[in-house]
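Chain residues, written in single-letter form:
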Amino acid sequence: MLKSVKFLWSKHSTIAKAIALCLGVFFVCLFLYLSLKRVFFPYEIEWMEGSITEHALRIFQGKQLYIKPSIDFINWIYQPLYYYTVAAIMHITGVSYLSGRLVSFSSTILTCILLYAAVYRLTDTAKSYAFIAPCLYLAEYSMRGFSYDIARIDSLFVLLAVCSVVILLYSKRAIAVVSSAIFLALAFFYKTTSACSCFTISCLVLDY
């Protein structure tokens, strides 16, 4: 009887894992299909894109970013590092929404790789579970306001925050802790409020 129960449990577990992997592949393909069309779309997709691109454009043109509010320009309350990143990409892509979207799309792909690495480490090299982790992240595409591939600060911030945590999962040596702190500090200069939460997570990982 016990052998039968173990066999059925193992069989159901295999079926569930196969379904999860199939759904994971579906969400990855769906994200890539939608994102690659959106990244090269020549017009504004989301209401913040125009203003954020304008911030980066000021840096690209050598203008001061933080100035007295006026009818022509008012700053967002975000830290400046994202705008500098997008302005640097503008030297390659030109002045367009593509620059900010490339930053976000690339950040999302790198975040997925880091999530794979994190779960791979936490589950003792279980590749199937590690693959499902980034798939779940991409499955939340619509729940996150479709922000993974548009000119917004969120994706790059998430990349830096996740990188900070993943480093500590693989090593607790002094150089790893310092590297993690550097990524966390960079995240702070992208999005201050959320970076404070990431600091708490990093402290918990250090105790892991």
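Residues numbered from 1 in each chain as written. Predicted model: local features only at pLDDT ≥ 70, side-chain atom pairs only at ≥ 80, totals over all residues. Heavy atoms only, no water.

Draft legend 1. Quick look at the layout of surface pockets. Roughly 180 Å³ of internal volume is contained in the second largest pocket. Contributing to the lining of the second largest pocket are 12 residues, with Tyr137, Glu140, Arg144, Tyr148 and Val158 lying nearest its centre. Sorting elements by how many residues they give to the lining of the second largest pocket places helix α6 (residues 154-170) first, with four residues. Tallied by class, the residues present in the lining of the second largest pocket amount to six nonpolar, two polar and four charged. (1 Å grid on protein atoms, 1.4 Å probe; cavity = no way out; pocket = protein on both sides within 12 Å on 5 of 7 lines; lining within 4 Å. Points joined across faces, edges and corners; volume = space filled by probe spheres on them. Helix = DSSP H or I, 4+ residues; strand = E, 2+ residues; numbered from the N terminus. Nonpolar A, V, L, I, M, F, W, Y, C, P; charged D, E, K, R; others polar.)

Draft legend 2. Spotlight on the side chain of Asp154. By the secondary structure assignment, Asp154 is in helix α6. Side-chain polar atoms of Asp154 contact the side chain of Arg152, separated by 3.2 Å. (Polar contact = N/O pair within 3.5 Å; in protein donor to acceptor, adjacent residues only side chain to side chain.)

Draft legend 3. The arrangement of the environment of Ala161 in detail. Assignment of secondary structure puts Ala161 in helix α6. Look at Ala161 and you get buried, because its relative accessible area is 8%. (Buried < 20%, exposed > 50% of the residue type's maximum accessible area, 1.4 Å probe, protein only.)

Draft legend 4. Representation of α6 in the model. Over its 17 residues, α6 extends 25 Å from the first C-alpha to the last, a length consistent with the 24 Å expected when each residue adds 1.5 Å. Of all the 17 residues making up α6, 14 are buried; the element is thus mostly covered by neighbouring parts of the structure. (Expected span 1.5 Å × (residues − 1).)

Draft legend 5. Structural context of the packing of helix α3 (residues 81-93) against helix α4 (residues 97-122). In the contact formed by α3 and α4, the axes pass within 8 Å of each other and the chain directions differ by 120 degrees. With respect to the hand of their crossing, α3 and α4 are arranged in right-handed fashion. On α4, the residues touching Tyr82, Thr85, Val86, Ile89, Met90 and Thr93 of α3 are Leu98, Ser99, Gly100, Leu102, Val103 and Ser104. Split by residue class, the contact of α3 with α4 holds seven nonpolar, five polar and no charged. (Axes fitted to C-alpha atoms, helices over the stretch in contact; angles between N-to-C directions. Left-handed = near helix turned anticlockwise from the far one by under 90°. Contact = heavy atoms within 4.5 Å.)

Draft legend 6. The arrangement of the pattern of salt bridges in detail. Under the criterion given, the structure shown has five salt bridges. Across the pair Glu46 and Arg152 runs a salt bridge, and its minimum N-O distance is 3.0 Å. On the criterion of sequence distance, the pair formed by Glu46 in the loop between α1 (2-39) and α2 (49-60) and Arg152 in the loop between α5 (127-139) and α6 is long-range, its members being 106 residues apart. For the pair Glu46 and Arg152, a shared accessibility class is recorded, and that class is buried. Residues Asp154 and Arg152 are paired through a salt bridge, measuring 3.2 Å at the closest nitrogen-oxygen approach. Considered together, Asp154 and Arg152 belong to a single accessibility category, that of buried residues. (Salt bridge = Lys/Arg side-chain N within 4 Å of Asp/Glu carboxyl O.)

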